[in-house]
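# Coordinates in review
Chain by chain, the residues run as shown.
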Amino acid sequence: MEKPKLCVFCGKDESFGTMNVEHFVPRCLWDKERPAQTMTVPAHKKCNDRYSADNEYFRDMLAISEKCSKHPEVAKLNQGTLRRKLLKRRGYFVKNLKNVRVAPTYAETGLYVGHSPMFDWDWKRAETVLHNVMKGIFYAMNERPMPHEMQLDVGEVRDDADLVSLQKYVDAMCPWVGFGDDVFGARFVFHSADKYMYCLMQFYRSVTFFGSGLLSEKFAAEEQTCG
Ligand SMILES: [Zn+2]
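Below you will find a few notes about this structure.

What counts, and where the lines are drawn
Residues numbered from 1 in each chain as written. Predicted model: local features only at pLDDT ≥ 70, side-chain atom pairs only at ≥ 80, totals over all residues. Heavy atoms only, no water. Donors = N, O, S within 2.8 Å, 3.2 Å for Na, K, Ca; no water. Tetrahedral: all angles 85-135°; square planar, octahedral: opposite > 155°, others 65-115°. Buried < 20%, exposed > 50% of the residue type's maximum accessible area, 1.4 Å probe, protein only. Helix = DSSP H or I, 4+ residues; strand = E, 2+ residues; numbered from the N terminus. Pairing = 2+ DSSP bridges. Axes fitted to C-alpha atoms, helices over the stretch in contact; angles between N-to-C directions. Parallel < 35°, antiparallel > 145°, perpendicular 65-115°, else oblique. Contact = heavy atoms within 4.5 Å. Nonpolar A, V, L, I, M, F, W, Y, C, P; charged D, E, K, R; others polar. Salt bridge = Lys/Arg side-chain N within 4 Å of Asp/Glu carboxyl O. Core = buried A, V, L, I, M, F, W, Y, C linked by side-chain atoms within 4.5 Å.

### Comments concerning the coordination of the zinc ion
- Taken together, Cys-7 (SG), Cys-10 (SG), His-44 (ND1) and Cys-47 (SG) make up the full set of protein donors to the zinc ion, lying 2.1 to 2.4 Å away.
- Metal-centred angles of 96 to 119° between the four donor atoms at the zinc ion mark the site as tetrahedral.
- Owing to a relative accessible area of 7%, Cys-47 belongs among the buried residues under this scheme.

Here you go:
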């Protein structure tokens, strides 16, 4: 008998609602054409729809950030989807950007290159999206939903120092996995008995997040003493 399809988000089966095949990386990250290799996972339509506004928010915040601005897919978005959105809903970005301010910007060499607008993310919404991507990676690799008890934590990897502090986790991860382009890439490692999952999630080759999933706080404490 075929394994019952379970929803990537809530873990329940088809008797709880219509199910679709969903792309676990928000499809709105691409302007139009998505690469053919995008991995899919089952999800209730209702569960998936619940997150579409957060996915768009996450995409918008990436697309207007300085870091991602040079990526060709972001350029396409800025000329297409985002431009149309801005023209139609002028208040959108004003409403969604927190603490917009102008701050000095420096090139990688440390050279001052002028002032540019800065803003803070609504991190709760970004977290929701990143947790869902982690659930998707877990499902795609293990062919089952992530255990409910897994406690997820995500944070941005801002510089080399951050990466060094994560080295022992990163060393254990598989090489980068993508979908045929560099809009999204991930590296990950799973514990065979689901005690932990660690991953890197990179968007537009510019912004990287580290995610950890631990089965319980008790185990997290054990981990630290072993490390
Ligand atoms: Zn569901």
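From this point, things continue past the structure.
### Notes on the pairing of strand E9 (residues 207-214)
- The buried fraction of E9 amounts to eight of the eight residues, a majority that puts the element mostly inside the structure.
- Burial of the side chains of E9 extends over both faces: Val-207, Phe-209, Gly-211 and Gly-213 are buried on one face and Thr-208, Phe-210, Ser-212 and Leu-214 on the other.
- Of the pairings in the sheet, the one linking strand E5 (residues 151-157) to E9 comprises seven bridges and is antiparallel in character. Bridge pairing in E9 places Val-157 opposite Thr-208.
- Bridge analysis of strand E8 (residues 196-203) against E9 gives eight bridges, and the strand direction is antiparallel. Its bridge partner being in E9, Phe-203 is matched across the sheet by Val-207.
- Where E8 hands over to E9, the hairpin turn is made up of three residues, of which Tyr-204 adopts a positive phi near 55°.

### Section: the packing of helix H2 (residues 52-63) against helix H6 (residues 123-142)
- Close contact between H2 and H6 brings their axes to 9 Å; oriented N to C, the two are set at 105°. Between H2 and H6, the interaxial angle falls into the category roughly perpendicular. Across the interface between the two elements, Ala-53, Asp-54, Asn-55, Tyr-57 and Phe-58 from H2 touch Arg-125, Ala-126, Thr-128, Val-129 and Leu-130 from H6.
- Split into classes, the residues belonging to the contact of H2 with H6 amount to six nonpolar, two polar and two charged.

### As for the sheet that holds E9
- If you trace the five strands from one edge of the open sheet to the other, you get E5-E9-E8-E7-E6, paired in antiparallel fashion. Strand pairing shows two members of the sheet lacking a second neighbour, E5 and strand E6 (177-178), which therefore form its edges.
- Taken together, the two bridges between E6 and strand E7 (residues 184-190) define a ladder with antiparallel strand orientation. In the sheet register, Gly-178 faces E7, and the bridge partner there is Gly-185.

### What about the pattern of salt bridges?
- Inspection of the entire model under this criterion finds 12 salt bridges.
- Residue Glu-22 pairs with Arg-27 through a salt bridge whose shortest N-O separation is 2.8 Å.
- Using a relative accessible area of 6% as the deciding quantity, one classes Glu-22 as buried.
- On the basis of relative accessible area, Arg-27 is assigned to the partly exposed category, the value being 41%.
- For Arg-125, the salt bridge is made with Asp-54, and the minimal N-O distance between the two is 2.7 Å. Of this pair, Arg-125 sits in helix H6 while Asp-54 sits in helix H2, and the two are 71 residues apart along the sequence.
- The class for Arg-125 is partly exposed, based on a relative accessible area of 22%.
- Overlapping salt bridges bring together Glu-56, Arg-59 and Asp-60 as one network.

### Quick notes on the environment of Leu-166
- Tracing the chain through its elements places Leu-166 in the loop between helix H7 (160-165) and helix H8 (167-170).
- Given a relative accessible area of 12%, Leu-166 falls into the buried group.
- Those residues in contact with Leu-166, other than ones at most four positions away along the chain, are Val-157 and Phe-210.

### Thoughts on the nonpolar core
- In this structure, Ile-137, Phe-184, Met-201, Phe-203 and Tyr-204 are the most contacted members of the largest nonpolar core, which totals 44 residues.
- Among the elements of the structure, strand E2 (40-44), H2, helix H3 (72-79), H6, E5, E7, E8 and E9 are those that each provide at least two residues to this core.
- The element contributing the most residues to this core is H6, with eight residues.
- With near-sequence residues (within four places) excluded, Phe-184 lies in contact with Phe-24, Val-25, Val-133, Ile-137, Val-177, Gly-178, Phe-179, Met-201, Gln-202 and Phe-203.
- With 10 residues, the next largest nonpolar core counts Val-157, Met-173, Tyr-196 and Leu-214 among its residues.

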